[in-house]
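Understanding the architecture of this molecule
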Amino acid sequence: MSFVSDSFYAQWRMRRGLARALRDDEDSPPEKLLQTIWQHQRLRRDQLTIVDGRPLKILHPGFHNLEGGPDFRGAVVQIGDDSARTGDVELDMRASGWRAHGHDKNPAFKNVILHVVWEGDKPAANGPPLMVMRGTLDAPLGELSLWLGGEAAESLPAEWRGKCCAPLGTLTPERLQTLLLEAAEVRLSSKAAQFHARARHAGWEQSLWEGLFRALGYKHNVWPMQRLAELRPRWASAGMKEFALQARLLGLSGLLPADLTRSQSGTDNHVRRVWDQWWRERDEFADCALPRTAWRLHGLRPANHPQRRLALAAGWASAGDVAARLERWCRAEIKDSALESSLLECLQVPADDFWSWHWTLRSARLPRAQPLLGATRVTDLGVNVVLPWLSARAREGRNESVRKRIEQRYFAWPSAEDNSLLRLARQRLLGGASKRVLKGAAAQQGLIQIVRDFCEHSNAICDNCKLPEMVRSFADVGAC
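An account of the accompanying structure is given in this report. (Residues numbered from 1 in each chain as written. Predicted model: local features only at pLDDT ≥ 70, side-chain atom pairs only at ≥ 80, totals over all residues. Heavy atoms only, no water.)

1. Some points on the pairing of strand β3 (residues 72–79)
Rules: Burial classification: accessible surface area is computed with a 1.4 Å probe over protein chains only, and a residue below 20% of its type maximum counts as buried, one above 50% as exposed, and the rest as partly exposed. Only DSSP runs of H or I with at least four residues qualify as helices, and only runs of E with at least two residues qualify as strands; both kinds are numbered from the N terminus onward. In short, DSSP must find at least two bridges between two strands for them to pair.
Counting buried residues in β3 gives six out of eight residues, a clear majority hidden from the surface. In terms of strand pairing, strand β1 (residues 56–60) meets β3 through four bridges, oriented antiparallel. Residue pairing in the sheet places Lys-57 in a bridge with Gln-78 of β3. Note that strand β2 (residues 63–64) and β3 share two bridges and pair antiparallel. Each residue of the ladder has a partner; that of Phe-63, found in β3, is Arg-73. When β3 meets strand β4 (residues 85–94), the two strands line up antiparallel, connected through four bridges. Bridge pairing in β4 places Phe-72 opposite Val-89. Two successive antiparallel strands, β3 and β4, enclose a turn made up of five residues, where Gly-80 displays a positive phi of approximately 55°.

Below is the structure:
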């Protein structure tokens, strides 16, 4: 089963080495690819160990460090029965790199709590615990190289116009849209391939839950939400009431307040009820509850707080039929103009006596009730989770008519909310063009894919960037 398109963009990307077709038996995959695999956690996360055999749980992989020092900062890991620890992670090709690169004598590496290597069987003397990556990937190395080849860094270049701005400006609006949609198709296939890889190890429904939880985590809390989804076989119980599931998820998350406000009786009473439920089973789940340090809460909009998103997830889990609902939604005849509203209806949960009126467990009562899922978030779920998951299932079942229907919905989906990444990309690549130039969510996804494939492999002055060459080739093809 192939997830590779034959479009100009996809084939040019492969021919120019943006996506290398590595073999699993290659001795040395690029270190940047290993960093990206770690960043995206494309590992069999439920089977990880350190070299002494103790199980390893990655509660958060950390934040990619593009300056001196360890590769990832602020990771949260748990080894065996020990408590979760927060610190840095260093990646090397081999275990000998710890001493060979001078990490053992460099004070910048004193907070490293995990050394991740491609191969090796013994940690350095007095070094951190060692994890070997080879043999733990969730997909063949060649497949990961293909889909992660354009995701090797995290931060965008500075706010200058790129060298690609001029050649992109020569494209007609129609040709620009074609290029963006071809890049969007690559992005859809990449996400579908990730779902397919996870489904091979955990099953289709579990892969869906992990995708939904990741999306509910937004960019700051993807990994603690992912970890909670991975624990679903522990916390999901058939027939369990929604409130009991809310309490269990909030308890497992480590986000329950430790004390009361003493000034807000409504929230205090609800927190007491949640604690009363959680106390009964706290010991049962003590081995897998997350530390509060796994979460980043500073600067979050209240509507995006993970407490509220866990309440939404509890609603889905108590209903017990989310996957079946999405499959029915896929089969239904839906007009393009109704895609967003129909998926919102499919995934919406009933009003909740507390969460319809509060953003968080601490917030004051809202003047008006708010649904737990809104139109803005459902578009994000649609293009990043639901459609890629359904596409992967259609490919697995070799159902070409369903796959084409899913693609049609992907390309017809209305635009998502504008964000800082899209604004910066429009300024650098499209000369400050209005957001209206991106006609639909797929065009937005295509622009993001171009940033991943090109901008994040270059610097602020576009050294060695291949995008201008690709755009000129694309223009020549269109002129023929």
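There's plenty left to go through after this.
2. A short note on helix α13 (residues 322–331)
Stated formally: The arc in question is traced by the directions running from the helix axis to the C-beta atoms. Contact between two residues is taken to exist if any of their heavy atoms lie within 4.5 Å; hydrogens are not considered.
Of all the positions in α13, only Val-322, Ala-323, Arg-325, Leu-326, Trp-329 and Cys-330 are classed as buried. Looking straight down α13, one finds that the buried residues subtend no more than 160° of arc, so they occupy a single side. Next to the buried residues of α13 lie α7 (204–216), α12 (306–319), α14 (339–347), α15 (375–396) and α16 (400–412).

3. Observations concerning α15
Quick reminder of the rule: Take the number of residues in a helix, subtract one, and multiply by 1.5 Å to get its expected span.
Under the 1.5 Å per step criterion, the end-to-end length of α15 is 30 Å for 22 residues, consistent within 8% with the ideal 32 Å. By the criterion of burial, α15 is predominantly enclosed, with 17 of the 22 residues buried. Positive phi shows up at Arg-398, right after α15, with a value of about 55°.

4. A few points about the side chain of Arg-409
The condition is simple: Charge counting follows a simple rule: Lys and Arg are positive, Asp and Glu are negative, and His as well as the terminal groups are ignored. By salt bridge we mean one thing: a side-chain nitrogen of Lys or Arg within 4 Å of a carboxyl oxygen of Asp or Glu. Any N or O atom pair separated by 3.5 Å or less is treated as a polar contact, with the protein-specific requirement of one donor-capable and one acceptor-capable atom, and with residues adjacent in sequence counted only for side-chain atom pairs.
Take Arg-409: it is sitting in helix α16. Buried within the structure, Arg-409 lacks any salt-bridge partner; Glu-333 is the closest side chain of opposite charge, at an N-O distance of 6.2 Å. A polar side-chain atom of Arg-409 sits 2.5 Å from the main-chain carbonyl oxygen of Ala-332. The residues touching Arg-409, leaving out its near neighbours within four places in the chain, are Trp-329, Cys-330, Ala-332, Ile-334, Leu-339 and Leu-387.

5. Some remarks on the packing of α13 against α16
Note the cut-off: Here the axes come from fitting lines to C-alpha atoms, over the contacting stretch only for helices, and the angles between their N-to-C directions go from 0 to 180 degrees. For classification purposes, angles smaller than 35 degrees are called roughly parallel, those larger than 145 roughly antiparallel, those between 65 and 115 roughly perpendicular, and all remaining angles oblique. Under the scheme applied here, ten amino acids are nonpolar (Ala, Val, Leu, Ile, Met, Phe, Trp, Tyr, Cys and Pro), four are charged (Asp, Glu, Lys and Arg), and all others, including Gly, are polar.
The geometry of α13 relative to α16 is characterised by a closest axis approach of 10 Å and an angle of 90° between their N-to-C directions. The angle between α13 and α16 falls in the class roughly perpendicular. Counted together, Trp-329, Cys-330 and Arg-331 of α13 and Val-402, Arg-405, Ile-406 and Arg-409 of α16 form the full contact between these two elements. Of the residues in the contact of α13 with α16, the class split is four nonpolar, no polar and three charged.

6. Some thoughts on the packing of aromatic side chains
Quick reminder of the rule: Pairs were defined over the aromatic rings of Phe, Tyr and Trp, the Trp ring being its six-membered one, requiring ring centres within 6.5 Å. Orientation was assigned from the angle between planes: stacked under 30 degrees, edge-to-face over 60, tilted for the rest. For a Lys NZ or an Arg CZ to count as sitting over a ring, it must be within 6 Å of the ring centre and within 35 degrees of the ring normal.
Evaluated as defined, the whole model comprises eleven aromatic pairs. Feature note: the residues Trp-209, Phe-213 and Trp-235 constitute an aromatic cluster, connected by ring pairs. Above the ring of Phe-63, the side-chain terminus of Arg-296 is found at 4.8 Å from the ring centroid. The ring of Trp-357 is capped by Arg-365, whose NZ or CZ atom sits 4.0 Å from the centre of that ring.

7. Points about the packing of helix α2 (residues 31–40) against helix α4 (residues 141–148)
Relative orientation of the contacting elements α2 and α4 amounts to 85°, with a least axis distance of 11 Å. With respect to α4, the axis of α2 lies roughly perpendicular. Facing Leu-33, Thr-36, Ile-37 and His-40 of α2, the residues of α4 in contact are Leu-141, Leu-144, Ser-145 and Leu-148.

Honestly, it's all geometry; don't read function into it.
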